[in-house]
Amino acid sequence: MSTLRDKRLFLFDMDGTLYLEDTLFDGTLELLHRIREKGGTYLFLTNNSSKGVDAYVEKLTRLGIPCEAADFLTSTDATVAYVREHAPSKRFYCVGTRSFVQQLRSCGLSVTDDVTDDAVDGVILSNDTELTFAKLSHASRLLTCADRLYLATNPDWVCPTSFGSVPDCGSFAQMLEHATGKRPYVIGKPRPDMLQLAMRRCGCTAEETLMVGDRLYTDIAAGVNAGVDTVFVLSGEGTRAMLASSDVTPTYVMEDVRELCRRIG
Ligand SMILES: [Mg+2]
């Protein structure tokens, strides 16, 4: 069995784990520095498919975390990898932001966001912050009229904002399920796809990998599903009380990244 000191690849959830909104946690910079010093590597993982990686590079840089685009993995990246592997020649209608559609196109996927276009093999649903009724209506028609491949980038019900929450991809999927009876194959955390992609990209085994996050039902569940050790940090939305009522069990429970920094040696 490998210990924390043996880990080479560290996968981090961001909000609630490394910072909270616009406040960087004590210990984040030290931990990231220590990982590289030990010859390890890390990636920042997010289920958010509404914006490109550039927005995250800008945010983390503003918080004082040195980073570049290659340090991030999003549910969009995992969606691209899934389509390339399972449906490389298929054409999709996308319910997504212009940025999302552009990212898929730039990766060579055949996608359209034209609500009059029926010539598609499948539908990809994402965290569409530019959602319209015309898009919902078209997606409903496509899913009802034929048995099409149906993917969703992430299962999150809501996305946090300064005033509370707004609906996210999981809620959109629920609306479409009410209308069509169809459920998507969901790609982001808690599915293992993003973590498996991270391990492939970095050439690391599950044994060498550690997933760190503040949500049991996404971050920690994704780690469990990918067969990697997990650290549940109590610096975000997760609490010890949640552990008692959850069937998801992290390998380690820690107060915050400062504690993790001490324990990786
Ligand atoms: Mg989080």
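Residues numbered from 1 in each chain as written. Predicted model: local features only at pLDDT ≥ 70, side-chain atom pairs only at ≥ 80, totals over all residues.

1. Some remarks on the overall build of the protein
The secondary structure content of the protein amounts to ten helices and 15 strands. By the compact-globule yardstick of 18 Å for 265 residues, the protein fits well, its C-alpha radius of gyration being 19 Å. With the C-alpha coordinates aligned to their principal axes, the bounding extent of the protein is approximately 55 × 35 × 35 Å. A burial count over the protein gives 45% of its 265 residues as buried. (Helix = DSSP H or I, 4+ residues; strand = E, 2+ residues; numbered from the N terminus. Rg over C-alpha atoms; globule rule 2.2 N^0.38 Å. Buried ≥ 20, exposed ≤ 12 C-beta atoms within 10 Å, placed from the backbone.)

2. Comments concerning the pairing of strand β10 (residues 158–161)
Both β10 and strand β11 (residues 164–167) contribute to a ladder of four bridges, which runs antiparallel. Directly across from Val158, in β11, lies its bridge partner Pro167. What sits between the antiparallel neighbours β10 and β11 is a turn of two residues. (Pairing = 2+ DSSP bridges.)

3. Some words on the environment of Thr153
Along the chain, Thr153 turns up in the loop between β9 (149–152) and β10. A count of 32 C-beta atoms within 10 Å places Thr153 in the buried class. Note: C-alpha distance between Thr153 and Lys189 (36 residues apart in sequence) is 9.2 Å. Once residues within four sequence positions are removed from consideration, Thr153 is found in contact with Ser49, Ser75, Thr76, Thr79, Ser126, Asn127, Cys169, Ile187 and Gly188. (Contact = placed C-beta atoms within 7 Å.)

4. A short note on the packing of helix α7 (residues 193–202) against helix α8 (residues 216–226)
Packing of α7 against α8 brings their axes to within 8 Å, and their N-to-C directions diverge by 60°. When the axes of α7 and α8 are compared, the pair comes out oblique. Between α7 and α8 lies a crossing of right-handed hand. Across the interface between the two elements, Met194, Leu195 and Gln196 of α7 pack against Ala222, Gly223 and Ala226 of α8. Of the residues assigned to the contact of α7 with α8, the class counts are four nonpolar, two polar and no charged. (Axes fitted to C-alpha atoms, helices over the stretch in contact; angles between N-to-C directions. Parallel < 35°, antiparallel > 145°, perpendicular 65-115°, else oblique. Left-handed = near helix turned anticlockwise from the far one by under 90°. Nonpolar A, V, L, I, M, F, W, Y, C, P; charged D, E, K, R; others polar.)

5. Notes on the sheet that holds strand β14 (residues 229–233)
Strand order in the open sheet formed by six strands is β5-β4-β1-β13-β14-β15, with parallel pairing between adjacent strands. Pairing within the sheet leaves two strands with one partner each, and these edge strands are β5 (72–74) and β15 (252–254). Across the sheet, the axes of successive neighbouring strands diverge by a mean angle of 25°, strand direction being ignored.

6. What about unusual backbone geometry?
Omega for the bond connecting Lys189 with Pro190 falls within 30 degrees of zero, at 15°, which places this linkage in the cis form. Positive phi outside glycine occurs at Glu21, with the angle close to 50°. Looking at where Glu21 falls in the secondary structure, it is placed in the loop between β2 (19–20) and β3 (23–24).

7. Concerning helix α1 (residues 28–37)
Turning to α1, its buried residues number three or more, namely Thr28, Leu31, Leu32 and Ile35. Down the axis of α1, the smallest arc covering the buried residues is 95°, so these residues share one side. Exposed positions of α1 whose direction lies more than 90 degrees from the buried face are His33 and Glu37. Where α1 is buried, its residues touch β1 (9–12), β2, β3, β4 (41–46) and α10 (257–263). Where α1 ends, the next residue or the one after it, Gly39, has phi of about 85°, a positive value. (Arc of directions from axis to C-beta.)

8. Points about the domain arrangement of the protein
The assigned domain composition of the protein is domain 1 (4–47 + 189–263) and domain 2 (87–186). For domain 1 and domain 2, the distance between their C-alpha centres works out to 28 Å. (Domains from an automatic or database assignment.)

9. As for α8
Among the eleven residues of α8, nine are classified as buried, and the element is accordingly described as predominantly covered. Residues of α8 that are buried sit in contact with α7, β13 (209–213), β14 and α9 (240–245). Once α8 finishes, Gly227 follows within two positions and takes phi at roughly 75°, a positive value.

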